[in-house]
Amino acid sequence: MDLANGKPGKDSLPVTAISRAFSATTEALAVNPSALNYGENEGDNLPSVLASWLSKRCSGDQKIDERYSNDAKHDAFFITSGVSHSIELVVSALKPESRNKKVVGIERPSYFLAGEIFKANGYEVVGLPMSCTSPTSTSDVFDNLTIDLDATEKLILEGSLVLTFIYAITSNQNPTGSSYSASYKLKLVRFCEKHCIQLIADEVYHLLDFKGSQSRSQRMATFKSPNVISVSSFTKIFAPGVRVGWIEAPTSVIKQLSSYGYIESQGGQQPLMGEVMCNVVNTDLDSHLNILCDDYSSRLGAVLNRLKSIDGVEPLCTVSGGYFVYLRFPKIAEEAFPTFCETLNSELGVKILRGTKCDNTSYNCVSSDEDFERFAITTCARICFTSLDIDVILKALDLIKEKLDFFDEREMETKPKIEPKAEPTDPFGGGGQRHQEGFYGPRHGL
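Residues numbered from 1 in each chain as written. Predicted model: local features only at pLDDT ≥ 70, side-chain atom pairs only at ≥ 80, totals over all residues. Heavy atoms only, no water.

1. Let's talk about helix α6 (residues 182–194)
And step 1. Helix length check: α6 (13 residues) gives 18 Å between terminal C-alpha atoms against 18 Å at 1.5 Å per residue, within 8%.
And step 2. Considered for burial, the residues of α6 that qualify are Ala-182, Tyr-184, Lys-185, Leu-186, Lys-187, Leu-188, Val-189, Phe-191 and Cys-192.
And step 3. At its buried positions, α6 is contacted by β5 (144–147), α5 (149–158), β6 (165–169), β7 (198–202) and β8 (228–233).
And step 4. Count one or two residues on from α6 and you reach Cys-196, which has phi positive near 55°. (Helix = DSSP H or I, 4+ residues; strand = E, 2+ residues; numbered from the N terminus. Expected span 1.5 Å × (residues − 1). Buried < 20%, exposed > 50% of the residue type's maximum accessible area, 1.4 Å probe, protein only. Contact = heavy atoms within 4.5 Å.)

What follows is the structure, given as structure tokens:
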């Protein structure tokens, strides 16, 4: 029972929809076979189709105010082979001239393979300080987990941190499921502008929001900042196998990407599959995405309900979309947690992804808060609720409960109570972030 693997289940794959799209594309090729030729560097018809669709799909997203529009423009898109390709293209094409400034700051925890992309392009990866919004009086689950911009700015002003890029998964984050509010997103944008940092906003889960657009904050590209580059794809909202994604960024950035070496050489990345996806977007994408969101929402509800019956495990953050629930195991000692996970797999056949695997700071870390690591990294694990049948997932959770009930009590520990600090002054305005003195331990004295 592999809860670690993040992918859609076989029943969620859109076989009928892709078949229709292939048939329509084949018929169109008989009249105009241009999609079989070299394509435009930025993409052929898909940027316009995608811009129109996103404008409609995201029209209800929460905005800071009327200065910002949820509309998308076709000349702000560059078609790629997916998010990983988008990230690789951005960090290679926009690589700084100075050899002394090739550093990427990243959330903790984050997508566990992101660091390797940056490292392969010669960047140092550093984990940034993190902060959390205080939980409500009726919940021990955090509302949010975000980059601590106050602490990060202090490091920058001290001269101990110089960042080229910040990489952040801003909606329904992998692995925590946390989402940035619109006010925090604006804060982050202004921070990057102030310190001349390019923000790579991974929004691949943005549209997998189960409460609908009225509860979803605006896309990062809608802030129209020269410092924001959004990357996304059809991987989560349609199917991974189509290998089509996009970059949404200012036209100046799109022009830089279009003139980059191998792009100039080979032209557009997905001329044929781009046309196939035009047909998908124009016909079946909305209905398929609605079905996915309904199914995944039901699955998430069942998982969260089952977790309530398990003593010794709880979600770290509130989850309302995406693929994952990030669990913390507060009763297991830090040094015992690897053994717990290993024996859970070897004895009961349940595989979960440890939080240490999701921490890209194995390269370096400017945030060495032991409380945070204990609370959000070393005794946590990610589970996926989209890949297996829901009955199998619930059975796996029951086995986790069984393992917790019989795990050697000598490996358990009682944690001290940690009180939250008073809300700090916010130099960037808005956001309403509240920080905690430490991150592990029961909240509200429970």
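Resuming the write-up.
2. Quick word on the pairing of β8
And step 1. Of all 6 residues in β8, 6 are buried; the element is thus mostly enclosed.
And step 2. Of the two faces of β8, the one holding Val-228, Ser-230 and Ser-232 and the one holding Ile-229, Val-231 and Ser-233 are both buried throughout.
And step 3. Two strands pair when backbone bridges link them, and β7 and β8 are joined in this way by 4 bridges, in the parallel orientation. Residue pairing in the sheet places Asp-202 in a bridge with Val-231 of β8.
And step 4. Bridge count for β8 against strand β9 (residues 245–248) is 4 bridges, and the pairing is antiparallel. Bridged to Ser-230 within β9 is Glu-248. (Pairing = 2+ DSSP bridges.)

3. Things to note about the side chain of His-85
And step 1. Within the secondary structure layout, His-85 lies in helix α3 (residues 83–93).
And step 2. Judged by relative accessible area, which is 17%, His-85 ranks as buried.
And step 3. Sequence-distant contacts of His-85, that is, excluding residues within four places in its chain, are made with Thr-80, Tyr-262 and Gln-269.

4. Considering the environment of Asp-65
And step 1. Inspection of the secondary structure puts Asp-65 in the loop between α2 (46–57) and β1 (77–80).
And step 2. The exposure class assigned to Asp-65 is partly exposed, which follows from its relative accessible area of 26%.
And step 3. For the pair Asp-65 and Ala-182, spaced 117 residues apart in sequence, the C-alpha separation works out to 9.8 Å.

5. Thoughts on the packing of α5 against α6
And step 1. Their axes nearest at 12 Å, the elements α5 and α6 cross at an angle of 5°. Taken as axis vectors, α5 and α6 run roughly parallel relative to one another. In this structure, α5 uses Leu-149, Thr-152, Glu-153 and Ile-156 to contact α6, whose residues at the interface are Tyr-184, Lys-187, Leu-188, Phe-191 and Lys-194.
And step 2. Of the residues belonging to the contact of α5 with α6, the class tally is 5 nonpolar, 1 polar and 3 charged. (Axes fitted to C-alpha atoms, helices over the stretch in contact; angles between N-to-C directions. Parallel < 35°, antiparallel > 145°, perpendicular 65-115°, else oblique. Nonpolar A, V, L, I, M, F, W, Y, C, P; charged D, E, K, R; others polar.)

6. Quick notes on the sheet that holds strand β11 (residues 324–328)
And step 1. Spatial ordering of the open sheet is given by β10-β11-β13-β12, a layout of 4 strands whose pairing is antiparallel. Since the sheet does not close on itself, it has two edges, and those belong to β10 (314–315) and β12 (353–354), each with one partner.
And step 2. Here β10 pairs with β11 via 2 bridges, running antiparallel. Residue pairing in the sheet places Glu-314 in a bridge with Arg-328 of β11.
And step 3. Each of β10, β11 and β13 (380–384) is contacted by helix α10 (residues 285–307), which is oriented at about 15° to β11, the strand it contacts most.

7. Concerning the packing of α2 against helix α9 (residues 271–283)
And step 1. Contact geometry for α2 and α9: axes closest at 9 Å, N-to-C directions at 25°. Classified by the interaxial angle, the pair formed by α2 and α9 is roughly parallel. In this structure, α2 crosses over α9, and the sense of that crossing is left-handed. Packed against α2, whose contacting residues are Leu-46, Val-49 and Trp-53, the element α9 presents Gly-274, Met-277, Cys-278, Val-281 and Asn-282 at the interface.
And step 2. Class assignment for the residues of the contact of α2 with α9 results in 6 nonpolar, 2 polar and no charged. (Left-handed = near helix turned anticlockwise from the far one by under 90°.)

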